[in-house]
Amino acid sequence: MDGQESTKSIIGGVPRDYFEGPFLDDQTVPVPARYARELAHKLRDAVGLHSLSYVAQKAGVPVQTVAAILEGSCWPDLVTVAKLEYGLGKRLWPDLVKD
């Protein structure tokens, strides 16, 4: 393996499909799933004590989208991430994932 295997893999399902079992420590989990997990963690921290409705309104996105990101039931797109970062005034995009 050349270390790039996981980035070339076809991603199936949704991020939460990778959350069970050894996901937290397993480096064989595809890189996009690790990014989605880290983004969800950062979003959860940024939401803090605010309601999801408040966050959605500040960001201009549907509340269902915020909930889906936190649940790992969608792959957040760049536009949504940008709106959430701008609305919350926090960086949500994960740092570079390395093997």
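What counts and how
Residues numbered from 1 in each chain as written. Predicted model: local features only at pLDDT ≥ 70, side-chain atom pairs only at ≥ 80, totals over all residues. Heavy atoms only, no water. Helix = DSSP H or I, 4+ residues; strand = E, 2+ residues; numbered from the N terminus. Buried < 20%, exposed > 50% of the residue type's maximum accessible area, 1.4 Å probe, protein only. Contact = heavy atoms within 4.5 Å. Areas by Shrake-Rupley, 256 points an atom, 1.4 Å probe, with all protein chains shown as cover. pLDDT = per-residue confidence, 0-100. Arc of directions from axis to C-beta.

A tally of regular secondary structure across the chain gives 5 helices and 0 strands. Along the chain, from the amino end to the carboxyl end, the secondary structure elements read α-α-α-α-α. Residue burial in the chain is summarised as follows: out of 99 residues, 33% are buried. Of the contacts made within the chain by residues no fewer than 6 positions apart, 60% connect residues no fewer than 24 positions apart. Summed over its atoms, the accessible surface of the chain is roughly 6300 Å², and 55% of this surface lies on carbon and sulfur atoms.

Turning to the side chain of T80, a few remarks are in order. Tracing the sequence through the fold places T80 in helix α5 (residues 78-88). Those residues within four positions of T80 in sequence are excluded, and the remaining contacts are V61, T65 and I69.

With that settled, the discussion passes to the environment of K42. Looking at the element boundaries, K42 is found in helix α2 (residues 31-47). Between the alpha carbons of K42 and L92 there is a distance of 5.4 Å; along the sequence they are 50 residues apart. Ignoring anything within four residues of it in the chain, the contact list for K42 reads R91, L92, W93, P94 and D95.

What follows covers the confidence of the model for the chain. Model confidence for the chain is summarised by a mean pLDDT of 83, while 76% of its residues fall at 70 or above. Under a pLDDT of 50 for its full length, residues 1-8 has, in the predicted model, 8 contacts with residues more than four places off or in other chains.

When helix α3 (residues 52-59) is considered as a whole, its buried residues turn out to be V55, A56 and A59. Down the axis, α3 shows its buried residues gathered within 100° of arc, on one side only. At the C-terminal side of α3, G60 shows a positive phi close to 75°.

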